[in-house]
Structure formats: structure tokens, C-alpha cells
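Descriptive analysis of the structure
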Amino acid sequence: MTDSLRQLYRTAGRQAGELKNLVNLKDHTRIVITGIAGGGKTVFLTSLLSHLAEFGQGGFHLGKGVDITDFRELPISAGWPASFAHSSFREELARGRWPEKTTDCSRYVCQFKRSDWKLYKQKISFFDFPGERVADAAMAAFQDFGHWSDHILGHLRGHHACSEAAGPYLEHLRSKTVSLQSVLKLYRETLARLILAFKPMVSPSAFLLDSNGVPASPGGYEEIASTRFSGISSGEQFAPLSARIRAEQPELVREMSRNYRQYRKKMVLPVYENISMAGSLVVLVDIPSLLAGGVGRYNDDRQILLDLFEVLRPKSDMGYLLKKYFSFTLKNLSRVAFVAAKADMVHPMDIENKRMINLLRMMTDRARRMLPEVRSDWFVCSACHSTFAVEGRRRLRGKIVYDNPDGEFKEFSVPELPETWPESWKPGEYPFYRVYPDAPRNYLLPPRHTGLDQVFKFIAG
Ligand SMILES: Nc1nc2c(ncn2[C@@H]2O[C@H](COP(=O)(O)OP(=O)(O)OP(=O)(O)O)[C@@H](O)[C@H]2O)c(=O)[nH]1
Ligand SMILES: [Mg+2]
């Protein structure tokens, strides 16, 4: 058994003990919200909690006559991720600002009475985390450095937009011999180019958001590459190596494998343990950003989704361990909601004609089929609906961010969604505009939403 597996066994055993003491997890719905950085996870959870806490005030319906009362946040035991700062995120929305990007994992545990559940109170725990970490899903899935290398190099070679950024690195791997320094420098430059091209597949993700939650500063690719690490610290870096180099340079592989295992243990497994223990999973897909970002961004995002589902398969390394340690206390993953988020950035015509949900279905269908036992469904949602449709025209009204320092309501045009994902498209071909949030200053009134209640109805079971 490898060190990292042993460590995971130990951690899993310890957590099982802690969790058993805290709550009976069979009575507890564990909901994890996933998506890449900027995908809308924190806003989704902030709005959802406001609707649960202030049920009846915000057009949030769970069925005829269903009422939610006695909502309260439950304390989180020491050692768990920090508590999700719901009130301050809600306050940000009221001030017309989106919450800051998330830099660390957090959890929110709550309990409430549902009028349609006569005997029980419903207890739910939610998990939020920095979206950068989803790019490390393949590390959670592969304990072996060689398998991870093959996987990442396959992705970099296979997609035109990535192979452009990775060109010098891939070329270097064809050299007769390579040094630790040269490999790390060229891989860091690759990661920096991917960041500058808005590609989410930046792994190890500590390059983009380090273990202290400090993000990479803006700059040219060489500047970013020289100030960040491809690993936890300067002396613990690694980069994917080709099968030939792995066979011919065992010293280099030993060093890289050791750093890979350390990184996986410290940075990856703690996040993925939480994700893998989900009873329900919400997968947020930001279709306007994928269209605005070009086909390269789309390919990266889809690959990350497939990697994540590989981790969740019960027969994966993680799935096996979790089953072994938590089978008495934990419900298996039973529901996945695929959610096309930020629907208020799209014209309502493209929601009514089902284009948005069809794009979501096409993009996620392969991932869905990787978990055939799990119930899944698709939704269109905006957690903090901040635009209004302009009657009869393909235009919206909202506090557009671009060229609007005073945050005035303005009218702007919105691109039509394609019927299917195009064969190729360039960044900027679909110019969707970001808006500031439009949420009531009165906290009794939750943010306006579209479809949030339908998602909750499904994931809460
Ligand atoms: N129009 C609109 N924009 C939204 C909505 N939700 C999120 N956004 C936009 O998406 C951005 C990111 O939202 P977050 O909730 O912070 O995203 P996240 O997934 O938590 O991102 P990380 O914390 O970086 O992982 C916000 O700053 C908004 O610009 C929504 O319901 N409507
Ligand atoms: Mg966040």
C-alpha cells in the first residue's frame, strides 16, 4: 500500500469517528455545490440559504402548501472547514457587490421543519470551496504520478487551445534528457499561459491559488511563472512527465512522485473527501462564460467535469475507501443536479425555447452516464436574478458592469444561444455582459431567483 493511500485510510478513519459523534449522517442531507472558479457557487448558496431562512417571502415554492419554519444554523465542530459566511455575503449582495472569490473551504449546517415531513426536522450540510481546486480532480482520481502525468499530457496535447499554451513544454519533453529546473520552468510558463487565456485546467491549482488562499497576481506569463510554484512550495514542485522520460530518468521521477504525493495528501484529498461524501451534488455550469470564453475554455471545463465524475465513481480509489469507512454512517451519492447557472445573463426567449437546458444536457451527458445508479436532472437557474427582459427585443436591463461606474440600470443587447454547441468558436464571439447584483436591501426579502426552488426540491429529496 502506498503512503498516500495509508494516509487517506487514517484520515478517513479519524473523520468517521468525529462525524459519528457529531450527527447521524443517515438523517443528514450532505449537499456539495461544485463548479469552476467564478461559476456561481457562493452566490447560489447565499441565495438558497436566504430563501430557506426567510421562507415564504421570495417566491420559493416546494409544493402546494409546503412551509418551512424554525430555520436555524447549527454549530460546526472544531476541525471542520470554517463556517460559510452567509450574512456577510448576503450583505454584499444588498450593497450591489458580488461576494469576493472564495479562497478556502467552508461549510454551513442548518436545520428546519418542513410541513410535509411530519416526523422529522430536516438537517442539511452544505460545502463550498474555491473553484480552482476542481482542476485537481484528476489527482484525486489517480494516486499514481505516472497516471496523472499521462492524463494531463493527453489533455494538453489533445486540445488545440491547450497545445498552443503547452507547445514549448511538450517540445521539451521530446529532448533526450531533461533537468528538474528546465521541466518546472517550462511547465510553470504553460500554466501561466493557460491562466492568461482564461483556461480553468490549471493543475496543480496551487499555482493559481496557493495553500494560503493567495491568488496569482496579474502580469505577463514570464512574471507569473517566476513568482508562483507548481506545487506547495519552491522545494516541492512537480510537473507531468512523458512515459519515455519516466522510464529513462528514474531520479527525476522519484523526486516528482514524492512531491506529487505530498501535494495530493495536503491540498487535494481534504477537499475531495468532502466532495466525495456528498449525498447530493449540484454541478453549476456557467454557459454564458463558456460561450464568451471560446471553445478552449469549454473543452477544459468539460474535461474537469469528467475528471470530477471519475473521482465520484464508487470503483475509483476514493470511492472504494469512502465506502469502506463510511458505509455505516453515510448515504451514498444519490442525486446530481446539473444546473445552467446565471440564467439572467441570457435572454428569456432562449430559456423558453429550451436552448439553454439543451446545451447543458449535451455538455453533461457523458458525465451523467458515468454514474448510472445516481438520479440526475437538469435545471436552469439564476440564484440572484439581476436583469429584466426588454419587451419584444433581444435586450436586457441591468446594472451592467462594463463602463458603468455608478451601477446605473442600462439596456444592453444579449447574444442568441446556439441550438447546439458549435464545432469551434473564438473568445468574444458571444459577448455576454456581467451585471452587478440587484438584491433587496431588506434582508427579510431574499434575492429574486429563477429555478432555485426546483433545484432545491430535487437535491433535498
Ligand atoms: N447575473 C448573475 N451573475 C451571477 C450570479 N451568480 C454569480 N454571478 C456572477 O458570477 C461571479 C462569481 O460568482 P461566485 O458565486 O463568487 O462564484 P464561485 O463559484 O463561488 O467562484 P469561486 O469562489 O472563485 O470558486 C459573480 O461575481 C457574478 O459576477 C447570478 O445569479 N446572476
Ligand atoms: Mg465562491
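All of the points below concern the structure found in this document. Only a predicted model underlies this, so the values are computations on that prediction, with no experimental measurement involved.

1. Considering the overall build of the protein chain
Per the secondary structure count, the protein chain includes 16 helices and 11 strands. By the compact-globule yardstick of 23 Å for 461 residues, the protein chain fits well, its C-alpha radius of gyration being 22 Å. By its C-alpha atoms, the protein chain is 70 × 55 × 35 Å across when sized along the principal axes. Taking all 461 residues of the protein chain together, the buried fraction comes to 56%. Contacts in the protein chain between residues far apart in sequence, at least 24 positions, make up 75% of those at least 6 positions apart. Carbon and sulfur atoms make up 50% of the accessible area of the protein chain, which amounts to about 20300 Å² in all. One way to put it: in the protein chain the 63 positive side-chain charges average out to a point 5 Å from where the 51 negative ones average out.

2. What to know about the site of ligand 1
In the vicinity of ligand 1 there are 22 residues, among which G38, K41, K101, T102 and G131 approach most closely. One of the side-chain nitrogen or oxygen atoms of D344 is found 2.9 Å away from a nitrogen atom of ligand 1. Between ligand 1 and A383 there is a distance of 3.3 Å, counted from an oxygen atom to a backbone nitrogen or oxygen. Isolated, ligand 1 exposes 650 Å² of accessible area, and the fraction of that covered by the protein chains is 93%. Split by residue class, the shell around ligand 1 holds 10 nonpolar, 7 polar and 5 charged.

3. Examining the environment of A247
With respect to the helices and strands, A247 occurs in helix 9 (residues 243–248). Between the C-alpha atom of A247 and that of L306, which follows or precedes it by 59 residues, the distance is 28 Å.

4. Topic: the coordination of the magnesium ion (ligand 2)
Only T42 (OG1) and T102 (OG1) from the protein reach the magnesium ion (ligand 2) as donors, at distances of 2.0 to 2.1 Å. Of this pair, T42 sits in helix 2 (residues 41–53) while T102 is found in the loop between helix 3 (86–94) and strand 4 (106–114), placing the two residues 60 residues apart along the sequence. Considered together, T42 and T102 belong to a single accessibility category, that of buried residues.

5. Structural notes on helix 3
Of the positions making up helix 3, those classed as buried are H86, F89, R90, E92, L93 and A94. Packed against the buried residues of helix 3 are helix 2 and strand 4. Residue G96 follows helix 3 closely and has a positive phi angle near 80°.

6. Section: the pattern of salt bridges
The final tally for this structure, using the stated rule, is 22 salt bridges. As a salt-bridge pair, K113 and D70 come within 3.0 Å of each other at their nearest N and O atoms. Pair noted here: K113 is in strand 4 and D70 is in strand 2 (residues 68–74), with a separation of 43 residues, a long-range link. Residue class for K113 comes out partly exposed when judged on its relative accessible area of 36%. Here E416 ties to R355 by a salt bridge, and the two come within 3.3 Å at their closest N and O atoms. With E416 in the loop between strand 11 (410–413) and helix 16 (452–460) and R355 in helix 15 (residues 355–369), the pair connects residues that are 61 residues apart, well separated along the chain. For E416, a relative accessible area of 43% corresponds to the partly exposed category. The network of salt bridges with shared partners includes R355, E416 and E419.

7. Considering the nonpolar core
Where a protein is soluble and globular, its nonpolar side chains tend to be buried together. Judged by nonpolar contacts, the single largest core of 96 residues is most densely connected at L241, Y272, I275, L281 and F309. Looking at this core element by element, the count peaks at 10 residues for helix 10 (residues 250–276). For this core, the domains that each give at least three residues are domain 1 (3–34 + 38–129 + 277–460) and domain 2 (143–267). Other than its neighbours up to four places away in sequence, L241 contacts F145, S149, L153, Y169, L173, V183, R246, L252, V253 and M256. Ranked by size, the runner-up nonpolar core spans 38 residues in total, among them F44, L284, A341 and A439.

8. Overview of the pairing of strand 10 (residues 395–398)
Residues L396 and G398 of strand 10 are buried on one face, while the alternating residues R395 and R397, pointing to the opposite face, are not. Looking at chain direction, strand 9 (residues 387–389) and strand 10 are connected through 3 bridges and run antiparallel. In the sheet register, A389 faces strand 10, and the bridge partner there is L396. Where strand 9 folds back on strand 10, the antiparallel hairpin that results is connected by 5 residues, among which G392 adopts a positive phi of roughly 70°.

9. Overview of the state of the cysteines
Enumeration according to the criterion identifies 0 disulfides in this entry. Of all cysteine sulfurs, the one in C381 lies closest to C110, which takes part in no disulfide; the gap is 17 Å. Take C384: it sits in no disulfide, and the sulfur closest to it among the cysteines is that of C381, at 11 Å.

10. Focus: the environment of R395
Note that R395 resides in strand 10. The exposure class assigned to R395 is partly exposed, which follows from its relative accessible area of 24%. Here the alpha-carbon distance between R395 and A206, two residues 189 residues apart in the chain, equals 40 Å. Not counting residues within four places of it along the chain, the set of residues in contact with R395 comprises H347, A389, V390, E411, F412, S413 and V414. Engagement of the side chain of R395 in a polar contact is seen with the side chain of E411, the distance being 2.8 Å.

Calculation criteria
- Residues numbered from 1 in each chain as written.
- Chains lettered and ligands numbered in written order.
- Predicted model: local features only at pLDDT ≥ 70, side-chain atom pairs only at ≥ 80, totals over all residues.
- Heavy atoms only, no water.
- Helix = DSSP H or I, 4+ residues; strand = E, 2+ residues; numbered from the N terminus.
- Rg over C-alpha atoms; globule rule 2.2 N^0.38 Å.
- Buried < 20%, exposed > 50% of the residue type's maximum accessible area, 1.4 Å probe, protein only.
- Contact = heavy atoms within 4.5 Å.
- Areas by Shrake-Rupley, 256 points an atom, 1.4 Å probe, with all protein chains shown as cover.
- Lys, Arg positive; Asp, Glu negative; His and termini not counted.
- Charge placed at Lys NZ, Arg CZ, Asp CG, Glu CD.
- Near = heavy atom within 4 Å.
- Polar contact = N/O pair within 3.5 Å; in protein donor to acceptor, adjacent residues only side chain to side chain.
- Nonpolar A, V, L, I, M, F, W, Y, C, P; charged D, E, K, R; others polar.
- Donors = N, O, S within 2.8 Å, 3.2 Å for Na, K, Ca; no water.
- Salt bridge = Lys/Arg side-chain N within 4 Å of Asp/Glu carboxyl O.
- Core = buried A, V, L, I, M, F, W, Y, C linked by side-chain atoms within 4.5 Å.
- Domains from an automatic or database assignment.
- Pairing = 2+ DSSP bridges.
- Disulfide = S-S within 2.5 Å.

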